[in-house]
Amino acid sequence: MTKRRVLVLNGVNLGRLGQRQPEVYGATTHAQLAEHLVETGAGLGLAVDVRQTDHEGEFVGWLHEAAAADIPVVLNPGAWSHYSYAIADAVVQVPFAVEVHISNVHRREPWRHTMVISPYVTGTILGLGLGGYDLALAHIASAVPA
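All values reported here derive from a predicted model rather than from experimental measurement.

S.K.: Please clarify how unusual backbone geometry should be interpreted in this entry.
M.R.: Negative phi is the rule for most residues except glycine; trans is the rule for most peptide bonds. Although it is not a glycine, Gln21 adopts a positive phi angle of roughly 40°. You can see Gln21 is positioned in the loop between strand 1 (4–10) and helix 1 (22–25). Not every positive phi belongs to a glycine, and Asp70 is a case in point at roughly 55°. Its place among the elements puts Asp70 in the loop between helix 3 (56–69) and strand 3 (73–76). Given a relative accessible area of 40%, Asp70 falls into the partly exposed group.

Following this line, the structure appears as structure tokens:
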């Protein structure tokens, strides 16, 4: 049986997980998160490809790749969530996308309360730590046919 391919796309500053504000984002590194998500996805029958970039154009290119190939996406754009209309325009083309935020952005600085990408995704998970990624993968496994 062919596994359903899923892209997990992490944006700006998420490559610093485990180092950047561990009191907010935890001690797990991005490499550890990626390894965990690949294993979790395999258990759900998914082929998970985890990527991270600090370059907005690269992130947009990955969304175009997903749109062209009908690949579901789990995305955490980081700070781009609050102002990147380029990413919003790209994610609207992706047929199934779940946005994840490690922290509850609505309990943080006021500038984080504006979410320009959220209206264009299938669903949003926030404030559940790294477990939000697991929930997003489980939802894709149950909602998107292989």
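S.K.: Help me understand the sheet that holds strand 2 (residues 46–52), please; the structure alone is not making it clear to me.
M.R.: Note: strands within a sheet are paired through backbone hydrogen bonds, in either parallel or antiparallel orientation. Strands sit in the order 2-1-3-4-5 across an open sheet of five strands; the sheet is parallel. Of all strands in the sheet, those with a lone pairing partner are strand 2 and strand 5 (123–126), marking the two edges. Shown here is a sheet whose adjacent strand axes are inclined to one another by a mean of 20°, direction ignored. By the bridge criterion, four bridges tie strand 4 (residues 97–101) to strand 5 in an arrangement that is parallel. Within strand 5, the position partnered with Val98 by the bridge is Gly123. Contacts from helix 2 (residues 30–43) reach strand 1 and strand 2, with the element oriented near 165° to strand 2.

S.K.: Just to check I follow, could you spell out helix 2 for this structure?
M.R.: Taking 1.5 Å per residue, 14 residues should reach 20 Å; helix 2 reaches 20 Å between its end C-alpha atoms and fits that length. Listed in full, the buried residues belonging to helix 2 are His30, Leu33, Ala34, Leu37 and Gly41. Each buried residue of helix 2 lies within a common arc of 100° when the element is viewed along its axis, so the set occupies one face. Facing away from the buried side of helix 2, by more than 90 degrees, are the exposed residues Ala31, Glu39 and Gly43. On its buried side, helix 2 packs onto strand 1, strand 2 and helix 5 (131–143). Positive backbone phi, approximately 80°, marks Gly45, located one or two places after helix 2.

Rules used in this analysis
- Residues numbered from 1 in each chain as written.
- Predicted model: local features only at pLDDT ≥ 70, side-chain atom pairs only at ≥ 80, totals over all residues.
- Heavy atoms only, no water.
- Helix = DSSP H or I, 4+ residues; strand = E, 2+ residues; numbered from the N terminus.
- Buried < 20%, exposed > 50% of the residue type's maximum accessible area, 1.4 Å probe, protein only.
- Pairing = 2+ DSSP bridges.
- Axes fitted to C-alpha atoms, helices over the stretch in contact; angles between N-to-C directions.
- Contact = heavy atoms within 4.5 Å.
- Expected span 1.5 Å × (residues − 1).
- Arc of directions from axis to C-beta.

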